[in-house]
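# A look at the structure
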Amino acid sequence: MEVCITSLLRDKGFKVTPQRLAIYNMLSSTKSHPNAEMIFNELQAMYPTMSLATVYKTMEILKEIGLVQVLNAGEDSFRYDAVMTNHPHVRCTECGKVEDVYDINIDAFVSEVSQGTKYQIMGQQFYFHGICPTCQRKNSN
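Residues numbered from 1 in each chain as written. Predicted model: local features only at pLDDT ≥ 70, side-chain atom pairs only at ≥ 80, totals over all residues. Heavy atoms only, no water.

We apply this condition: UniProt positions are given in the numbering used here, feature names are shortened, and annotations may be inferred rather than shown by experiment.
The name that an unreviewed UniProt entry assigns to the chain is Transcriptional repressor, with the source organism given as Pelosinus baikalensis. Looking at the chain in UniProt, the text filed under Sequence similarities (unreviewed entry) is "Belongs to the Fur family."

Written out as structure tokens, the structure is:
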């Protein structure tokens, strides 16, 4: 995948830096939907000169070239997802974990919204909030 991101960055006029590649590689290898600070903390030991601003700028670039979704899951900071297929997310209101939701047909709902509003729907993001099974078990003890 590194060749793909390298080409995309160059084709769009962006510099290819070790930090940008590391940020994308970290994001594409996790399902935790990290925010910028989580990414920064994960990579800082390997890239001690990298700043939090570098992470934010890289996320903007990756969004612009179509490699990252920006998620607003109702928190103070955005989360990021390298899975670009259209899928909902669910966030635990206790521990903050964000997970992908698959195997749900959202196309019928989107079609119904389009028909009911006469809007041409260009995109959507679904977020569900609840308490994850791990936190439910902790709360019941």
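## A few points about the nonpolar core
Heads up, the rule is: To define a nonpolar core, start from buried Ala, Val, Leu, Ile, Met, Phe, Trp, Tyr and Cys residues and group those joined through side-chain atoms within 4.5 Å. Partly exposed residues are those whose accessible area sits between 20% and 50% of the maximum for their type, while under 20% is buried and over 50% is exposed, using a 1.4 Å probe and protein chains only. Per the convention used, a helix needs a DSSP run of H or I reaching at least four residues, while a strand needs a run of E reaching at least two, with both numbered from the N terminus. In this analysis, two residues are considered to be in contact whenever any of their non-hydrogen atoms come within 4.5 Å of each other.
Membership of the largest hydrophobic core comes to 23 residues, with the highest contact counts inside it found for I23, I39, V55, M59 and L62. Among the elements of the structure, α1 (2-11), α2 (18-28), α3 (36-43) and α4 (52-64) are those that each provide at least two residues to this core. Setting aside residues up to four positions removed in sequence, M59 forms contacts with I23, L27, I39, V68 and Y80.

## Brief notes about the packing of α3 against α4
Selection rule: Throughout, an axis means a line fitted to C-alpha atoms (over the contacting stretch in the case of helices), and angles, computed between N-to-C directions, take values from 0 to 180 degrees. With respect to orientation, any angle under 35 degrees is reported as roughly parallel, any angle over 145 as roughly antiparallel, any angle of 65 to 115 as roughly perpendicular, and every other angle as oblique. Throughout, a crossing is termed right-handed when the near helix is turned clockwise from the far one, and left-handed when it is turned anticlockwise from it by less than a right angle. The residue classification treats Ala, Val, Leu, Ile, Met, Phe, Trp, Tyr, Cys and Pro as nonpolar and Asp, Glu, Lys and Arg as charged. All others, Gly included, are polar.
Running from amino to carboxyl end, α3 crosses α4 at an angle of 120°, the nearest separation of the two axes being 9 Å. What the angle tells us is that α3 and α4 run oblique. Crossing handedness for the pair α3 and α4: right-handed. For the pair formed by α3 and α4, the contact residues are A36, E37, I39 and F40 on the first element and L52, V55, Y56 and M59 on the second. Here the contact of α3 with α4 is composed, by residue class, of seven nonpolar, no polar and one charged.

## So, α3
Heads up, the rule is: Read the arc as the range of directions from the helix axis to the C-beta atoms. Polar contact is defined as a pair of N or O atoms within 3.5 Å, subject to the rule that within protein one atom must be able to donate a hydrogen and the other to accept it, and that residues adjacent in sequence are counted only when both atoms are side-chain atoms.
Among all positions in α3, only A36, I39, F40 and L43 are buried. On an axial view of α3, the arc spanned by its buried residues comes to 100°, and they lie on one face. Set apart from the buried face of α3 by more than 90 degrees, the exposed residues are N41 and E42. Its buried side turned inward, α3 meets α2, α4 and β2 (79-81). The opening residue of α3, the one whose side-chain oxygen lies 3.1 Å from the backbone nitrogen of E37, is N35.

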